[in-house]
Amino acid sequence: MNPAEAHILKQVEPYKSIYLHLQVLIEHTLPEADLLYKWRLPCYYIDKRPICYINQSKDYVDVGFWHSAHLSKKWDAYLVTEKRKVVKSLRYKTLDDIDDSIFISILKDVEGIKQKGFYKKDV
């Protein structure tokens, strides 16, 4: 079994269900994405480029996007920066918190900018 999948399956509820739901959305939206285990976290990559990671922290599941500097400003209302310089994330405490259409739209936006650097100044 993939170590990232094992990590997901060992989560306690409700986080395990959130992880599994996000995994289905990511793999359905970005079928070319590879689920890898990096930094003790499930991370999705396309062509060796990081797309996002999933992490259970405190009382929520965090889906972090490294290329957030290039995302459309329309997603700012949904993304959390929490004093981070590069990563912005979506946070979910329950399955009901997940808006599939917004999550999928952000994934598609990230897929379109995956060749760009993490910082806005990068070309």
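Overview of the structure. Predicted model only: the values in this text are computed from it and were never measured. (Residues numbered from 1 in each chain as written. Predicted model: local features only at pLDDT ≥ 70, side-chain atom pairs only at ≥ 80, totals over all residues. Heavy atoms only, no water.)

### A short note on unusual backbone geometry
Under the convention used in this document: Starting at the N terminus, helices and strands are each numbered in turn, a helix being any DSSP run of H or I of at least four residues and a strand any DSSP run of E of at least two.
With omega at 5°, the peptide bond leading from Glu 13 into Pro 14 counts as cis. With respect to the secondary-structure elements, Pro 14 resides in the loop between α1 (3-9) and α2 (15-29). Although it is not a glycine, Trp 39 adopts a positive phi angle of roughly 55°. Along the chain, Trp 39 falls in the loop between β1 (34-38) and β2 (41-46).

### As for a nonpolar patch on the surface
Filter applied, for reference: Note that patches include only residues with greater than 30% relative accessible area and no salt bridge, and the join distances are 9 Å for like charges and 5 Å for nonpolar side chains (Val, Leu, Ile, Met, Phe, Trp, Tyr). A 1.4 Å probe and the Shrake-Rupley method give the accessible areas. Residues count as covered only by the protein chains that appear here. Just to be clear on terms, a salt bridge is a Lys or Arg side-chain nitrogen sitting within 4 Å of an Asp or Glu carboxyl oxygen. Each residue gets one of three labels from its accessible area relative to the maximum for its type: buried under 20%, exposed over 50%, partly exposed in between, using a 1.4 Å probe on protein chains only.
On the surface, Met 1, Leu 9 and Leu 20 cluster together into a nonpolar patch covering about 300 Å² of accessible area. The class of Met 1 is exposed, set by a relative accessible area of 73%.

### Here's the deal with the environment of Ile 104
The criterion, for reference: The contact definition used throughout considers only heavy atoms, calling two residues in contact when any of these lie within 4.5 Å.
Relative to the elements of secondary structure, Ile 104 occurs in helix α3 (residues 100-112). On the basis of relative accessibility, which here comes to 22%, the residue Ile 104 falls in the partly exposed class. Along the chain, Ile 104 and Gln 11 lie 93 residues apart, while their C-alpha atoms are 23 Å from each other. Discounting residues that sit within four places of it in the chain, Ile 104 has contacts with Leu 25 and Thr 29.

### Examining the pairing of strand β3 (residues 49-57)
Put simply, the rule reads: If DSSP finds at least two bridges between two strands, the strands pair.
As judged from the four bridges shared by β2 and β3, these two strands associate in the antiparallel manner. The residue bridging Tyr 45 from the neighbouring strand is Pro 50, located in β3. Taken together, the five bridges between β3 and strand β4 (residues 60-65) define a ladder with antiparallel strand orientation. If you follow Ser 57 over to β4, its bridge partner there is Tyr 60. Connecting β3 to the antiparallel partner β4 that follows it, the hairpin turn spans two residues, and Lys 58 within it adopts a positive phi of roughly 55°.

### Topic: the pattern of salt bridges
As enumerated under the stated definition, the model contains five salt bridges in all. For Asp 62, the salt bridge goes to Arg 84, with nearest N and O atoms at 3.4 Å. Here Asp 62 is found in strand β4, whereas its partner Arg 84 is found in the loop between β4 and β5 (88-92), with 22 residues between them in sequence. According to the relative accessible area criterion, Asp 62 is buried, its value standing at 5%. Across the pair Asp 76 and Lys 88 runs a salt bridge, and its minimum N-O distance is 3.4 Å. One end of the pair, Asp 76, is in the loop between β4 and β5; the other, Lys 88, is in strand β5, and twelve residues separate them in sequence. What emerges from the salt-bridge pattern is a single network uniting Asp 62, Glu 82, Arg 84 and Arg 91.

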